[in-house]
Amino acid sequence: MTAVLEVAGLRAGYSGVEVLHGIDLRVDAGEVVALLGANGAGKTTTLHAVCGLVTRTGGDVRVLGATVPRGRASATVWRTARRGLALVSEDRALFSQLTVGENLTLGPRRRDRRAVEEALGLFPVLRDLLGRRAGLCSGGEQQMLAIARALAGRPRLLLVDECSLGLAPIVVGQLLPAIRRIADTGTAVVLVEQHVPAALAVADRAYVLSRGAVAYDGDAGTLAARPDVLEEAYLGRA
Amino acid sequence: MLTYRASGVVNFAHAALGMFCAYAYYELRATGELALPLLGLPARVPVVERPTVFTALVAVLVMAAVMGLLQHVLVFRPLRSAPPLARVVASLGIFLYLQDLARLRFRKAGAASFEITSFLPRGSRELFGVVVPNNRFALAAIAITIAVAAGALYQWTRFGLATRAAAESEKGALLLGLAPDRLAAANWALASVLSALSVILITGITKQLDPIATSLLVIPALAAALLGGLSSFTLATVAGFAIGMAQSGVLTYVTRADWIPGWLPRGGVERSLPFLVIIAAIVWRGRTIPARDALVEQRLPESPSPRHPLVAATVLGGAAVAGLWTLSSQWRLAIVVSVIAATIALSSVVLTGYVGQISLAQYAFAGVAAFTTAKLAADADIPFPWSPLLAIAVTVAVGVAVGVPAVRVRGMTLAIATAGAAVAIQELFFNSSAVGGIAGLEVPPPALFGVDLGFAAVGADNFRPAFGTLAVVLLALACVAVANLRRSPTGLRWLAVRANERAAAAAGVNVTAAKLTAFAISSGLAALGGVLLAYQLPTLSPDAFLVVGALALLALTYLGGIASITGAIVAGLLAAGGVVTKLGGGTSGSSPEYQFAVSGLALVVVAIVWPDGVAGALRRLAARIRR
């Protein structure tokens, strides 16, 4: 297996306060990795540090074999995106004034009807909304659009932050298997998710973060059978 | 509109850039020399001996593109994550700079140094019984072509789509691997070229080129763009044509109609009616609470709760009064100018800083109060404390009247609507022969309980401190009152409305009532400033209350810190003719030549360095020292 994402000793924080104290991660092609942990454990910060939205203060991040530079955030994000990384951020970062269809066509770097069609195939609901302004869509529709837009760019590494946020359980039930299928085509996926059982059901491996450090890593199936690890990470029991 | 797309900036300097390029074009045609828009570079470079229309146009349009790029790289890119108001302030700085530079570079413009000629076809033909010159047809054709081309570019090309996307969410664009920077740069260049081209075309027909008037073309242009919702080129073009036609239509009608009372200035009706129509249309399109897909401007300037307002007011006010009684007459004048400017700035703090409603009508409110005072005192013989009080009451009524429709719009839309209202007030009211007109009015000096509170006096006693003391006391009282309001439940409701109107409404705040109280209090403060101004100025003329003045003072207040009382005081100190300019003039003996160009640049620089204003920077410094 080839490593798509390698993170070693990652340190990052906000205005002088360190949030991540040395994180090690590895994600291979075709693999779904769940990133779990309580609120404030550093999941989102990890994703942001990987794509360059947060400038790291230490450690090394390699996407597809190339080190992510530590320069200006805007330049870094742009470069990693060009290399094939897609982040579905928690706030969705949709273009609310553009239509659903326009949002989707901006996903791929060139006009790529096929990629858009494939993404629509995963979320048939969106087909009826192509002419609607994204800002007028419901929260769930927006979330689907955000993921579909990322997929239309055929990413090699997909980072999904809280994909079930604001979605009906039935939609989550369709979404996570869809993410599994994306990985099966060779894309590496990192899934940050509050819905732990659902995430572990589709993930190959899982990392549990606690206070900015990796508390557990290993096989997703094994972790699902170890409620003690999860309880400690989420409820902070000693 | 293009630049709004490119960087979310409503660029007040847009027509100013076109104006400069138009000057440059006509001069290039005449002399073969191209005037450069940067201080420090040689004023002119020779291009070709006898340029044809084509070479001159190309040279000037290339310069326009470069100017657009420079604006983007030097000013608006560093400001892209700053609050929107910081960007407006920067564009005002550029506006002042270009305007003054044009005045300096093309000083002989009025004389026959070059001729304003149009290269559009001459002659005329008849259309629906009206004789229309051919060049109008050509102009209309060009305008429609440009609009269609631009519309197609933004609707159907990937470049256009990406531009629209990047203007809304830079993060989203970056995450998709779009390069917002390059897109913005290209759009700035394109927009600048279009601006230069259209001003050259228009001035070629009207034969009127003037640093200020031409730059102010930006207001109808922005209004047209607003009607197009800042995104529809078709609507904007139609609106642009409609405004132009309405203006000339109204002009013909007004000169014939005899029902219009004689005291209404006819030119004023012509110039202000389109604005009233626009305001009506904008308001009609607006909504009391923004819709779900409305763009929410994220960053807001800090609005700290004022501490010890009484102590601060006493100390500062005491210092000002001490200055008034001890310093020379020129200093007394400077202090009073600052105090009055601070009072008007305070009205912006309430409305713009606390409630987030950008209003450019504050000077117009002040003007209403000033003229009403003058009228009441001079003609109706109403004695001193009552005439200004009545005037303030009238102004509050006007302010609320402007505020009622304004409740339905917000952000830059409101800024432009209030600018329109200010122009309308100026054209219809200030220039009206019943109020005083261009000639100006003299206001009888105030007196209370036999004490002469007049400002002007003969000889060394001129600029009497008694009036200054009155002004200082009033400002101090106003500051303490505003500070208490800020800490009261009303103030909290204001801040809630500013942060998120929908959330505020959901939390049980009556948004309409909150905005209207703010409009009332704010126009009251502006009126107070206006009344003081009426007594301070030797003669009262409409020039004192132009929209440009409101823009400049808003910019200064922003730099001072729009959401704090300190900001108003800083703005007062910085105001033209105030204490700081007096200090500056006193020390360097400076060259007033470049004063506005330099202060325009200073505005831009400060907006980039301290997007939160000087008061914010001071507060951070203080916090660091405490730590």
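Structure first, text after, so check above.
Just so we're clear, the structure is a prediction, and the values are computed from it rather than from any experiment. Every residue gets a number counted from 1 within its own chain, in the order that chain's sequence is written. The order in which chains are written sets their letters, starting at A; the order in which ligands are written sets their numbers, starting at 1. Totals for whole chains, interfaces and linings use every residue, but because this is a predicted model, local features are given only for residues with pLDDT of at least 70 and side-chain atom pairs only at 80 or more, for both listing and counting. With hydrogens and water set aside, each side-chain value is computed from the structure's full complement of heavy atoms.

### Things to note about the overall build of chain A
The helix and strand inventory of chain A stands at nine helices and 10 strands. Its C-alpha radius of gyration of 17 Å places chain A within 12% of the 18 Å reference for a compact globule of 238 residues. The principal-axis extents of the C-alpha atoms in chain A amount to approximately 50 × 40 × 35 Å. Of all 238 residues assigned to chain A, the portion counted as buried reaches 56%. Segments assigned H or I by DSSP are reported as helices when at least four residues long, segments assigned E as strands when at least two residues long, and all are numbered from the N terminus. The reference for a compact globule is 2.2 Å times residues^0.38; the radius of gyration itself is calculated from the C-alpha atoms. Partly exposed residues are those whose accessible area sits between 20% and 50% of the maximum for their type, while under 20% is buried and over 50% is exposed, using a 1.4 Å probe and protein chains only.

### Description of the nonpolar core
Buried together is how nonpolar side chains tend to be arranged in soluble globular proteins. B:F20, B:C21, B:L98 and B:L346 are the most contacted members of the largest nonpolar core, which has 125 residues in total. Summarising the domain contributions, this core has at least three residues from each of domain 1 (1-216 + 592-627) and domain 3 (309-584) of chain B. Those residues within four positions of B:L98 in sequence are excluded, and the remaining contacts are B:A13, B:A16, B:L17, B:M19, B:F20 and B:M67. Among buried residues, the Ala, Val, Leu, Ile, Met, Phe, Trp, Tyr and Cys ones that are joined through side-chain atoms within 4.5 Å form a nonpolar core. Membership of the second largest hydrophobic core comes to 51 residues, among which are A:L120, A:C137, A:L176 and A:I182. Boundaries of every domain are those given by an automatic assignment or by a domain database. Should any heavy atoms of two residues lie within 4.5 Å, those residues are counted as being in contact.

### Looking at the sheet that holds strand 3 (residues 32-37) of chain A
All names here are of chain A. For two strands to pair, DSSP has to find at least two bridges joining them. An order of 6-7-8-3-9-10 is seen for the six strands of this open sheet, with the pairing classed as mixed. The open sheet has two edge strands, strand 6 (85-88) and strand 10 (213-219), and neither has a second partner. On average, each strand axis in the sheet is tilted by 15 degrees relative to the strand beside it, whichever way the strands run. Each of strand 6 and strand 7 (157-161) is contacted by helix 5 (residues 139-152), which is oriented at about 180 degrees to strand 6, the strand it contacts most. Orientation is described by lines fitted to C-alpha atoms, with helices fitted over the stretch in contact, and by angles between N-to-C directions that extend from 0 to 180 degrees.

### What about the interface of chain A and chain B?
How big an interface is tends to be reported as the loss of accessible area on association of its parts. Each partner contributes residues to the interface: chain A has 33 residues there, and chain B has 24 residues. Both sides of the chain A and chain B interface together cover about 2500 Å² of buried area, and 55% of this is carbon and sulfur. Any Lys or Arg side-chain nitrogen found within 4 Å of a carboxyl oxygen on Asp or Glu counts as a salt bridge. Between chain A and chain B we count zero salt bridges in total. N or O atoms within 3.5 Å of each other form a polar contact, as long as, within protein, one can give a hydrogen and the other can take it, and as long as residues adjacent in sequence are counted only when both atoms are side-chain atoms. Along the contact surface separating chain A from chain B lie zero residue pairs in polar contact (both at pLDDT 80 or more). Sorting the residues of the side of chain A that touches chain B by element identifies helix 2 (73-83), strand 6, helix 3 (100-105) and helix 5 of chain A as the ones contributing at least two each. Once two parts are put together, the accessible area they lose, assessed with a 1.4 Å probe and summed over both, is termed the buried area.

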